[in-house]
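Structural description and commentary
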Amino acid sequence: MKKEILILLILLAIIFTSCQKAPQPVPVAGEEPILEEPTPVVKELNFSSVLELGKERVYSVAVADFNNDGYDDVVTGVYGDYSSVFLNNKDGTFTKNLLFGKKYNTEVVAAMDIDKDGFKDLIMGNNQQPSLLLKNNGDGTFVVYKELPKTVVTDIAVADFDNDGYEDFIITTQFKENFVYFNNGNGNFIEVKYSDNMPITSVAVADMNNDKLVDFVIGIDKRKNRFYLNEGNRKFVLSHEFEGERTTYAVALADIDKDGSPDVIQGNNKDNNFVFLNKKSGFEIVEMFAFGNTYTLLAADFNKDGSNEVVVGNYEQTTRIYEKDGDQYFLVKELPTHYIRDLAVGDFDKDGYLDLVAARETETSQIYLS
């Protein structure tokens, strides 16, 4: 009997021990637990829901939260008429207000924070008229802050070129002198000339060589496009001229081959479009994104798959969206949208996915919700 009781006690001890929680490893000093980021849901490209921004001669659009209410708004740059700001009502509608009561031949609008007050201001690049810096009053209304010399503006890009914490901007022109405007932070801008008179059509900015300085690429009509390297100290040098003299109306920068360096997308009118792959020691040309009459390009990750989609905005053809699959890009969506002059992105319905804004010259400008 004693033997049976002893065996029973041993079995109960084993069962009790097995039910205890296993001891946890003692964390090593300095080590933090690894938390996995939630994987974003890859969304199919849809763009079936459309919001309208009115039928005007819109040459350019800029997107930002201009009244700091947490929702993206849109500014339309209108050629030969009044430009407007469309404030997001948070319900799929917008309230349209004129920027000010004067008509301009506006080719380009771009958003920037001139004085680091947390409100996005505007640059209006005009044709044969003074360009304007507009100060945001904080509620999505604007006043003229500064006039720039009269010229023929074709494009504008904003970046902190000298890493001083203030946003600068670059202007391209048609057969006029071209400058980078460095923001001194005191309301004044220093002009640094980077090229003489050329038929420049477009500009895109990025750190092309991973040296923490923002460089730029310009598209030129019927001449070789150019890459300018930022050497610091507010100096730029011509680093590369791209193969071919095409009717380039648009350039965009995006890491097409995912090697960590931005590549150059060249959008041409009545010609094939090309990508120049940035190989650090030079550029490798690849024909991509089809034949078109491309006026504008945009690269953005609409469906959160980790790769940029490329939107090709054509003037007399449909707007085409290309998606990456492996090492290749394929046409996945055509929007029945012609007369495109500019494209921009914003999240207007706050669903966490980017929406597409299409500026159209002779038809209604639209927002395509993703």
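As a reminder, the structure under discussion sits directly above these lines.
What counts, and at which threshold
- All residue numbers refer to position in the chain's written sequence, counted from 1.
- It should be noted that, the model being predicted, local features are given only for residues of pLDDT at least 70 and side-chain atom pairs only at 80 or more, the latter also being counted only at that level, while totals for whole chains, interfaces and linings use all residues.
- Working from all heavy atoms in the structure, the side-chain values ignore hydrogens and water.
- Throughout, nonpolar core names a set of buried Ala, Val, Leu, Ile, Met, Phe, Trp, Tyr and Cys residues whose side chains join them through atoms within 4.5 Å.
- Between buried and exposed lies partly exposed: a residue is buried under 20% and exposed over 50% of the maximum accessible area for its type, with that area taken using a 1.4 Å probe on protein chains only.
- In DSSP terms, a helix is any run of H or I states spanning at least four residues, a strand is any run of E spanning at least two, and both are numbered starting from the N terminus.
- Only heavy atoms matter for contacts: two residues are in contact if any of them lie within 4.5 Å across the pair.
- Side-chain rings of Phe, Tyr and Trp, where Trp is taken by its six-membered ring, are said to pair if the distance between their centres is within 6.5 Å; with planes under 30 degrees apart they count as stacked, over 60 as edge-to-face, and otherwise as tilted.
- A pair of strands is considered paired only if DSSP assigns at least 2 bridges between the two.
- Note on definitions: angles span 0 to 180 degrees between N-to-C directions of axes, and those axes are lines fitted to C-alpha atoms, for helices only across the stretch in contact.
- Salt bridge, as used here: a side-chain nitrogen of Lys or Arg that lies within 4 Å of a carboxyl oxygen of Asp or Glu.

On to the nonpolar core. Ranked by size, the top nonpolar core spans 17 residues in total, and within it Phe161, Ile170, Val180, Tyr194, Phe216 and Ile218 carry the most contacts. Contributions of two or more residues to this core are made by strand 8 (142–159), strand 9 (168–183), strand 10 (189–206) and strand 11 (215–223). Each residue touching Phe216, except ones within four places of it in the same chain, is listed here: Phe161, Ile170, Val180, Tyr194, Val203, Ala204, Val205, Arg226, Phe227, Tyr228 and Phe236. If you look at the next biggest cluster of nonpolar residues, it comprises 16 residues, including Val85, Phe100, Val109 and Ala111.

In this section: the packing of aromatic side chains. Summed over the entire model, instances satisfying the criterion amount to 23 aromatic pairs. Pairing Phe169 with Tyr181 gives two aromatic rings, centres 4.8 Å apart and planes at 10°, and the pair type is stacked. The burial state of Phe169 is the same as that of Tyr181; both residues are buried. For the pair Phe242 and Phe276, a centre-to-centre distance of 4.9 Å together with 55° between the ring planes defines the contact as tilted. Of the two residues, Phe242 sits in the loop between strand 13 (235–241) and strand 14 (246–254) while Phe276 sits in strand 15 (residues 263–278), which places them 34 residues apart along the sequence. Residue Phe242 is classed as buried on the basis of its relative accessible area, which comes to 1%.

Let us look at unusual backbone geometry. The backbone of Lys116 sits at a positive phi, close to 55°, despite the residue not being glycine. Examined against the element boundaries, Lys116 turns out to sit in the loop between strand 6 (104–112) and strand 7 (121–136). Although it is not a glycine, Asn163 adopts a positive phi angle of roughly 55°. Among the structural elements, Asn163 can be located in the loop between strand 8 and strand 9.

Turning our eyes to something else, we now look at the sheet that holds strand 22 (residues 364–369). Pairing within the open sheet is antiparallel, and its four strands lie in the order 1-22-21-20. Pairing within the sheet leaves two strands with one partner each, and these edge strands are strand 1 (49–55) and strand 20 (340–346). Pairs of neighbouring strands in the sheet enclose a mean axial angle of 20°, with direction left out of account. With six bridges joining them, strand 20 and strand 21 (residues 355–360) adopt antiparallel strand pairing. Each residue of the ladder has a partner; that of Asp342, found in strand 21, is Ala359.

Applying the stated criterion across every chain yields a total of 14 salt bridges. When the shortest N-O distance is used, the salt bridge between Asp117 and Lys135 registers 2.7 Å. Here Asp117, found in the loop between strand 6 and strand 7, pairs with Lys135, found in strand 7; they are 18 residues apart in sequence, far enough to count as distant. Under the relative-accessibility criterion, Asp117 is labelled partly exposed at 32%. The buried category is assigned to Lys135, whose relative accessible area is 14%. We note a salt bridge from Asp196 to Lys193, for which the minimum N-O separation is 2.6 Å. With a relative accessible area of 49%, Asp196 lands in the partly exposed category. Here the residues in one salt-bridge network are Asp115, Asp117, Asp121 and Lys135, joined through shared partners.

Honestly, it's all geometry; don't read function into it.
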